[in-house]
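Close look at the chain arrangement
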Amino acid sequence: MTQETIYLCYEADKWISRESKELAYIGTDLEDCIAQLAANFELNEKNKEQLRTNNQTISQQGYGYIIEEERTNCFINGF
């Protein structure tokens, strides 16, 4: 069974609190996810670079964006 990587992209408040996270996009390519977030939420080049390096950013409008990497077809406890 193959384990593919997917990326879960969230919009959140400026503190990126767990309670505020709302799933915005799911993708299989990190650069595509960054491009989709940038296009839909008016993120600039600095925001895109922060997503590449830190997996999170705060937009000029004051919203937080975070990308989480997950694997498919696997148990979370390592079995």
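Above this note sits the structure.
Residues numbered from 1 in each chain as written. Predicted model: local features only at pLDDT ≥ 70, side-chain atom pairs only at ≥ 80, totals over all residues. Heavy atoms only, no water.

**Quick word on unusual backbone geometry**
- A positive phi is found at Ile-16, a non-glycine position, where the angle reads about 50 degrees.
- By the element assignment, Ile-16 lies in the loop between strand S1 (5-12) and strand S2 (22-27).
- Judged by its relative accessible area of 16%, Ile-16 is buried.
- Positive phi values are uncommon outside glycine, yet Asn-55 reaches one of about 60 degrees.
- Relative to the assigned elements, Asn-55 resides in the loop between helix H2 (45-54) and strand S3 (56-58). (Helix = DSSP H or I, 4+ residues; strand = E, 2+ residues; numbered from the N terminus. Buried < 20%, exposed > 50% of the residue type's maximum accessible area, 1.4 Å probe, protein only.)

**Structural notes on helix H1 (residues 30-41)**
- Taking 1.5 Å of rise per residue, 12 residues should cover 16 Å, and H1 covers 16 Å from first to last C-alpha, within 8% of that figure.
- Of the positions making up H1, those classed as buried are Cys-33, Ile-34, Leu-37 and Ala-38. Viewed end-on, H1 has its buried residues packed into an arc of 130 degrees, placing them on one side of the element. In H1, the exposed positions angled more than 90 degrees off the buried face are occupied by Ala-39 and Asn-40.
- In this structure, the buried side of H1 is in contact with S1, S2, H2 and strand S4 (64-71). (Expected span 1.5 Å × (residues − 1). Arc of directions from axis to C-beta. Contact = heavy atoms within 4.5 Å.)

**Considerations on the sheet that holds S4**
- Taken together, four strands build an open sheet; the order of strands is S2-S1-S4-S3 and the sheet is antiparallel. Of all strands in the sheet, those with a lone pairing partner are S2 and S3, marking the two edges. Neighbour-to-neighbour, the strand axes of this sheet turn through a mean angle of 20 degrees, independent of strand direction.
- When S1 meets S2, the two strands line up antiparallel, connected through five bridges. Looking at the pairing, Cys-9 lines up with Tyr-25 of S2.
- Relative to the sheet, H2 contacts S3 and S4, its axis offset from that of S3 by approximately 150 degrees. (Pairing = 2+ DSSP bridges. Axes fitted to C-alpha atoms, helices over the stretch in contact; angles between N-to-C directions.)

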